[in-house]
Amino acid sequence: MKRKTTIIKSIAAACIDVGVGSLSDPPELNGLAHFLEHMLFMGTEKYPEENSYAEYLSDNGGRFNAYTALENTNYYFDVNFNALNETV
């Protein structure tokens, strides 16, 4: 009888919730909060190239997502634990 091998991965996760959502959009810029949610993943000071943050997470067993609600915007990710410090 063969034994199954179980591999346990150490995963870390984090999220940040910002108290600004679609109800904060100015009337002349409907959709601004959602647009800015997407812009964060297009490049930052730490990850300036388009999609470089997503590539880093993927290369380290992670993923990310976000959503914009009426009163808040939430960003979240998970990644292999040994890559957490570089991720945040």
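Everything discussed here concerns the structure shown above.
Just so it is clear, the structure is predicted and the values come from calculations on it, not from any experiment. (Residues numbered from 1 in each chain as written. Predicted model: local features only at pLDDT ≥ 70, side-chain atom pairs only at ≥ 80, totals over all residues. Heavy atoms only, no water.)

Caption draft 1: Spotlight on the sheet that holds strand β2 (residues 63–68). Strands sit in the order β1-β3-β2 across an open sheet of 3 strands; the sheet is antiparallel. Because the sheet does not close on itself, it has two edges, and the strands there are β1 (11–18) and β2. The mean inter-strand angle of the sheet, taken between neighbouring strand axes irrespective of direction, is 10°. The sheet contact formed by β2 and strand β3 (residues 73–80) spans 6 bridges and is antiparallel. The partner of Asn65 across the bridge, within β3, is Tyr76. Against the sheet, helix α1 (residues 32–40) touches β2 and β3, its axis set at about 165° to β2. (Pairing = 2+ DSSP bridges. Helix = DSSP H or I, 4+ residues; strand = E, 2+ residues; numbered from the N terminus. Axes fitted to C-alpha atoms, helices over the stretch in contact; angles between N-to-C directions. Contact = heavy atoms within 4.5 Å.)

Caption draft 2: Spatial organisation of unusual backbone geometry. One non-glycine residue with positive phi stands out, namely Asn51, at about 70°. Secondary-structure assignment places Asn51 in the loop between α1 and α2 (52–59).

Caption draft 3: Representation of the pairing of β3 in the model. Counting buried positions over the 8 residues of β3 gives 7, a clear majority of the element. The pairing of β1 with β3 spans 8 bridges and is classified as antiparallel. Along β3, the bridge assignment pairs Ile11 with Asn80. The turn joining β2 and β3, which pair antiparallel and follow one another in sequence, is formed by 4 residues. (Buried < 20%, exposed > 50% of the residue type's maximum accessible area, 1.4 Å probe, protein only.)

Caption draft 4: Structural detail: the packing of aromatic side chains. Applying the stated rule across the entire model yields 3 aromatic pairs. Judged by centre distance (5.2 Å) and plane angle (65°), the rings of Tyr47 and Tyr53 are edge-to-face. Accessibility assignment for this pair places Tyr47 and Tyr53 in one class, buried. With a centroid separation of 5.8 Å and 40° between ring planes, the pair formed by Tyr47 and Tyr56 is classed as tilted. Per residue, the accessibility class of Tyr47 equals that of Tyr56, and both read buried. (Phe/Tyr/Trp six-rings, centres within 6.5 Å; stacked < 30°, edge-to-face > 60°.)

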